[in-house]
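Spelled out from the first residue to the last, the chains are:
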Amino acid sequence: MARQSKVKDYIYQPEYECLSRSEMEALQSERLRKTVKHVYENCKPYRAKMDEAKLTPADIRSVSDLCKLPFTVKHDLREAYPFGFYSAPQRDMVEIHASSGTTGKLTVVGYTQNDIDVWAEVAARSLAMAGVTKDSIVHVAYGYGLFTGGLGAHYGAQKIGASTVPASAGNTIRQLTLLRDFGATHLCCTPSYAIYLGTEIQKAGMNIEDFSLVGGAFGAEPWTYQMRDELERLLHIDALDIYGLSEISGPGVAMECMQKNGSHVQEDHFIPEIIDPVTLEPLPFGSEGELVFTTITKTGQPLIRYRTRDLCTLTAGKCACGRTTVKMSKVKGRSDDMLIIRGVNVFPSQIEAAIMNVSGVSPHYMIYVDRINNLDVMEIDIELAGDLAPDKVSDIESIKKKVESEVNSYIGVSAKIKLCESGSIRRSEGKAVRVIDRRE
Ligand code: DLL
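Criteria and cut-off values
Residues numbered from 1 in each chain as written. Predicted model: local features only at pLDDT ≥ 70, side-chain atom pairs only at ≥ 80, totals over all residues. Heavy atoms only, no water. Helix = DSSP H or I, 4+ residues; strand = E, 2+ residues; numbered from the N terminus. Rg over C-alpha atoms; globule rule 2.2 N^0.38 Å. Buried < 20%, exposed > 50% of the residue type's maximum accessible area, 1.4 Å probe, protein only. Contact = heavy atoms within 4.5 Å. Pairing = 2+ DSSP bridges. 1 Å grid on protein atoms, 1.4 Å probe; cavity = no way out; pocket = protein on both sides within 12 Å on 5 of 7 lines; lining within 4 Å. Points joined across faces, edges and corners; volume = space filled by probe spheres on them. Nonpolar A, V, L, I, M, F, W, Y, C, P; charged D, E, K, R; others polar. Near = heavy atom within 4 Å. Polar contact = N/O pair within 3.5 Å; in protein donor to acceptor, adjacent residues only side chain to side chain. Areas by Shrake-Rupley, 256 points an atom, 1.4 Å probe, with all protein chains shown as cover. Domains from an automatic or database assignment. Buried area = accessible area lost by both parts, 1.4 Å probe. Salt bridge = Lys/Arg side-chain N within 4 Å of Asp/Glu carboxyl O. Core = buried A, V, L, I, M, F, W, Y, C linked by side-chain atoms within 4.5 Å. Phe/Tyr/Trp six-rings, centres within 6.5 Å; stacked < 30°, edge-to-face > 60°. Lys NZ or Arg CZ within 6 Å of the ring centre and 35° of its normal.

A. Fine view of the overall build of the chain. When helices and strands are counted, the chain shows 11 helices and 21 strands. Here the chain has a C-alpha radius of gyration of 22 Å; the compact-globule value for 440 residues is 22 Å, and the two agree. Over its C-alpha atoms, taken along the principal directions, the chain stretches across nearly 70 × 60 × 40 Å. A burial count over the chain gives 56% of its 440 residues as buried. Taking all contacts inside the chain whose residues are at least 6 apart in sequence as the whole, residues at least 24 apart take part in 67%.

Have a look at this one:
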């Protein structure tokens, strides 16, 4: 983008973020050995998994032994509901988070004070990448509660010493008023909600020039580079991607620097791997597959080779920002979010990329999938851009044709496109719901 960047990214802990590969692997190996011993001695399900694989902690000497260890999946955590995966006594847990998912049963994660300190540290490193300093004002519009978004961004901003505004989610007019009047320099929320805030500024009779925003950390859901351009245009900021998951640690497991071409994994705390989701074999750098994490500094509920279901690639090498930590690409989608339409694998993020290539439409859309006469049928409802009235029939027809052709060429499957009036698609204050699959 031609826009002048406002954010000055700095390295919060160069002593960990800029290690050579051999230094990083030595540190990871030492921490891995300690973690494996800790879970073997303190967590029944891990002792059972390792006994079954005929492994003892002595078999795990370095990161190259990681592949010997069994995987952990969400189902394991649910089976052990609520506290069966703890590796520390209940009295040592100072905070408990949980995520609901679609199947109903909660996935519980307990944090010791050590784990909260780890989380605050990685969240601080992450916000530093978005330029947050002691002089910043950080507006946190992720939900506070069992969801880790709000508290994670909060801990990171406070660790840096920034003024933190715990706005939490909801009440858009109040959010905008606080952002403007308190002079927030940074915004933290889901990218879909940030877009919504951006489009509401004008409608609320406000002017973006009266805001002091320079940057933000947006995550908790997949979003495309095209969505970033739109967000940066609307809010006049540098919009960076922040990644995390409750099971490993909330936001801050990885974060994009100002190079804007991948997110640095905080790999002195969380070792990443990419595996083939079918054969479960580890894949080399550069291959697309499922992301797996092993936590190596947590004590309350460390996880070994946790399968995230998120699909992406990892790359190694020194980044132009100076950091040497492994980078993960944008998440293409979750393997369990993949739609199979007429036999073709389709990710909502590919549809978003196609839509965002067409001018005249907004980033608000909803995908419906039905089965009619034994055939999969996809309809995509998309709002027209706010400044375009849906009464110029010829314009509408040409936009519709362009979207149809983009979608077809991106994913190889045709879709019925319905253009709707601005504001007609339901907004989400947290993670956006993009797909409604009505097939049996
Ligand atoms: O979403 C933690 C978080 C909060 C991350 C705020 C970033 C910002 P969960 O609710 O457990 O935790 O959901 C984790 O969300 O496995 C991904 O599928 C998805 N996800 C999180 N961040 C990103 C991102 C939080 N930056 C699940 N890009 C993960 C794409 C993301 N997907």
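B. Structural view of the pairing of strand β1 (residues 93-99). The buried fraction of β1 amounts to 5 of the 7 residues, a majority that puts the element mostly inside the structure. As defined by bridge partners, β1 adjoins strand β2 (residues 107-112) across 6 bridges and the pair is classed as antiparallel. Across the sheet, residue E95 finds its bridge partner in β2, namely Y111.

C. Quick peek at empty space enclosed by the protein. If you walk through the whole model with that rule in mind, you get 1 cavity of 30 Å³ or more. Within this model, the largest cavity holds a volume of roughly 30 Å³. Split by residue class, the lining of the largest cavity holds 6 nonpolar, 2 polar and no charged.

D. Spotlight on the site of the ligand. Neighbouring the ligand are 20 residues, the closest being D241, I242, S246, D310 and K431. Contact distances for the ligand include 3.0 Å between a nitrogen atom and a backbone N or O atom of A220. Separating an oxygen atom of the ligand from a side-chain N or O atom of R334 is a distance of 3.0 Å. Starting from 600 Å² of accessible surface for the ligand in isolation, the protein chains cover 93%.

E. Summary view of the domain arrangement of the chain. Taken domain by domain, the chain holds domain 1 (1-334) and domain 2 (339-437). Computed over C-alpha atoms only, the centres of domain 1 and domain 2 are separated by 29 Å. Of all residues in domain 1, Q226, M227 and K332 give up the largest surface area on contact with domain 2, accounting jointly for 30% of the area buried on that side. In this structure, the connection of domain 1 to domain 2 is made through 0 salt bridges. On the surface where domain 1 and domain 2 come into contact, there are 6 residue pairs in polar contact (both at pLDDT 80 or more). Looking at the side of domain 1 that touches domain 2, the elements with two or more residues in it are α8 (191-203), α9 (225-235) and β15 (333-334). If you tally residues by element for the side of domain 1 that touches domain 2, the top one is α8, at 6 residues. Taken together, the residues of the side of domain 1 that touches domain 2 break down into 10 nonpolar, 8 polar and 5 charged.

F. Quick look at the pattern of salt bridges. Applying the stated criterion across every chain, the model contains 30 salt bridges. Where D181 meets R180, a salt bridge forms, and the shortest distance between an N and an O atom there is 2.9 Å. Note on R180: relative accessible area 28%, which makes it partly exposed. Measuring nitrogen to oxygen at the nearest pair gives 2.8 Å for the salt bridge that ties R307 to E290. Here R307, found in strand β12 (residues 306-312), pairs with E290, found in strand β11 (residues 289-295); they are 17 residues apart in sequence, far enough to count as distant. Residues R307 and E290 agree in their burial class; the two are buried. When salt bridges that share partners are traced, they join R31, E121, R125 and D268 into one network.

G. Examining the nonpolar core more closely. With 43 residues, the main nonpolar core has L69, Y243, I248, L291, F293 and M328 as its most contacted residues. If you tally residues by element for this core, the top one is helix α5 (residues 113-129), at 5 residues. Within the second largest apolar cluster, 25 residues are counted, among which are A141, L213, M227 and I237.

H. Region of the structure containing the packing of aromatic side chains. All chains considered together, the criterion is met by 8 aromatic pairs. Between F218 and W223 the ring centres are 6.1 Å apart and the planes differ by 80°, which places this aromatic pair in the edge-to-face class. Since its relative accessible area comes to 4%, W223 is described here as buried. Over the face of the ring belonging to W223 we find K330, whose NZ or CZ atom lies 4.0 Å from the ring centre.

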